[in-house]
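# A closer look at the structure
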Amino acid sequence: GDRFMAEYWIGSHPNMRPCQVARNISLAYWKEANRDPATEFELSHSPTVPFAHQGWDFYRFASTRQEILNNTMDRLRDFYLLQGSLYKWREIYKEIPHKNSWVWSWYPDGQMFQQQQHGNSKTR
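Summary of the structure given here. Note that the structure is a prediction, hence the values are computed from the model and not measured. (Residues numbered from 1 in each chain as written. Predicted model: local features only at pLDDT ≥ 70, side-chain atom pairs only at ≥ 80, totals over all residues. Heavy atoms only, no water.)

## Looking at a nonpolar patch on the surface
Put simply, the rule reads: The patches described consist of residues with a relative accessible area above 30% and no salt bridge, like charges being joined within 9 Å and nonpolar side chains (Val, Leu, Ile, Met, Phe, Trp, Tyr) within 5 Å. Surface accessibility follows the Shrake-Rupley procedure with a 1.4 Å probe radius. Residue values consider only the protein chains on display as shielding. A carboxyl oxygen of Asp or Glu within 4 Å of a side-chain nitrogen of Lys or Arg is what we treat as a salt bridge. The way it works is that DSSP assigns letters per residue, a run of H or I at least four long becomes a helix, a run of E at least two long becomes a strand, and they are numbered from the N terminus. Only protein chains enter the accessibility calculation, which uses a 1.4 Å probe; a residue whose area is less than 20% of its type maximum is buried, one above 50% is exposed, and one in between is partly exposed.
A cluster of nonpolar side chains, Val21, Phe41 and Leu43, forms an exposed patch at the surface whose accessible area comes to about 290 Å². Here Leu43 shows up in strand β2 (residues 41–45). A relative accessible area of 57% means that Leu43 is categorised as exposed.

Put into structure tokens, the structure is as follows:
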């Protein structure tokens, strides 16, 4: 309980706007010895990698990941997708991302959750 929250909090606030600095997101690439650091980094705001890239939940087998994304009921209930993030944000911060957050367009089913959480209001 308390340990998880203490380790989870950094970078997890629902109003955080992530950035990406690595041009290559492949873990295998970063294990290579011969790389040119001068050309490997570029700052960009919000996720630039589509959600469904191969490593969205590295702990499961690729076939399981794809099954979850393809099955609406599984996808809507998966703790590592938006439903789980909304739960964590409510429990830890007592709030969810604002209506125009990057979250709603990045996660699968984000528009549906946005409408459910914010309705037709302009702000939250």
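Additional details are given in the paragraphs that follow.
## Some words on the nonpolar core
Note the threshold: Nine residue types can take part in a nonpolar core, namely buried Ala, Val, Leu, Ile, Met, Phe, Trp, Tyr and Cys, and a core is a set of them joined through side-chain atoms within 4.5 Å. In this analysis, two residues are considered to be in contact whenever any of their non-hydrogen atoms come within 4.5 Å of each other.
The biggest cluster of nonpolar side chains holds ten residues, and these are Leu76, Leu82, Leu86, Trp89, Ile96, Trp102, Val103, Trp104, Tyr107 and Phe113. Sorting the residues of this core by element identifies α6 (82–93) and α7 (103–106) as the ones contributing at least two each. Sort the elements by how many residues they give to this core and α6 lands first, with three residues. Excluding residues that lie within four positions of it along the chain, Leu76 makes contacts with Gln83, Asp109, Met112 and Phe113.

## What about α6?
Keep this limit in mind: In a helix, the anticipated span is given by 1.5 Å times the number of residues less one.
Here α6 is twelve residues long and its end C-alpha atoms lie 16 Å apart, about the 16 Å a rise of 1.5 Å per residue gives. Of the positions making up α6, those classed as buried are Leu82, Gly84, Ser85, Leu86, Lys88 and Trp89. Trailing α6 by a residue or two, Lys94 shows a phi angle of about 60°, which is positive.

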